[in-house]
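If you want the building blocks of each chain, they are given just below.
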Amino acid sequence: MTSLEPIVTQELDSLGFDLVELRRGGSRSRPVLEVRIDRRDGETVTIADCTTASRALEARLEADALVSEQYVLEVSSPGADRPLRHVADWRRFVGRRATVTSAVLAGGKQEVEILAVDGEDGAEVALVRDTKGREVQVPLRDVTQARLAFHWKR
């Protein structure tokens, strides 16, 4: 997987998309490669965007023989519960709620509101508010997983 990520990132970058998530599943005889993309202009990812990215990735993966002949490639938008992997993601979603896993948080995992992100490169800290209104500073390097929280409106 790690060898695929730089190649997938490079191919998407040339199309103006960002790689949000890359997951590999399926079986050895029928591997599934799931690619989540985002647009840099902040617009919603369309079916046409997914098609464009899929065709380019397919061509590159097959030309470089990086996948078996029976693989499945799934390209989609990041979804409502998109992962927050980079500092830019955290900054983009200030004001939104996220489920964050970090030893800094009570219980190790909480749903919080992202209030701000500050700090120098490599030492960024998110200021978050938990559901009880407590504000906590969470160093991003201490976050093991974070995803936007999604709630159905009633």
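One can find the structure itself at the top, above this paragraph.
Reading guide: rules and limits
Residues numbered from 1 in each chain as written. Predicted model: local features only at pLDDT ≥ 70, side-chain atom pairs only at ≥ 80, totals over all residues. Heavy atoms only, no water. Buried < 20%, exposed > 50% of the residue type's maximum accessible area, 1.4 Å probe, protein only. Helix = DSSP H or I, 4+ residues; strand = E, 2+ residues; numbered from the N terminus. Pairing = 2+ DSSP bridges. Right-handed = clockwise from strand over helix to strand, strands pointing away. Expected span 1.5 Å × (residues − 1). Contact = heavy atoms within 4.5 Å.

Considerations on the pairing of strand S2 (residues 31-39)
Most of S2 is tucked away, with eight of its nine residues classed as buried. Across nine bridges, the pairing between strand S1 (residues 17-26) and S2 is antiparallel. Counterpart to Gly-26 in the pairing with S2 is Pro-31. Linking S1 back to S2 in an antiparallel pair, the connection comprises four residues. In this fold, the crossover linking S2 to strand S3 (residues 72-76) by way of helix H2 (residues 47-63) has right-handed handedness.

Re H2
Helix length check: H2 (17 residues) gives 24 Å between terminal C-alpha atoms against 24 Å at 1.5 Å per residue, within 8%. Taken residue by residue, H2 has Asp-49, Cys-50, Ala-53, Ser-54, Ala-56, Leu-57 and Leu-61 as its buried positions. Tucked inside the fold, the buried residues of H2 contact helix H1 (4-15), S1, S2 and S3. Of the residues one or two after H2, Ala-65 is the one with positive phi, at around 50 degrees.

On their own, these measurements won't tell you what the molecule is for.
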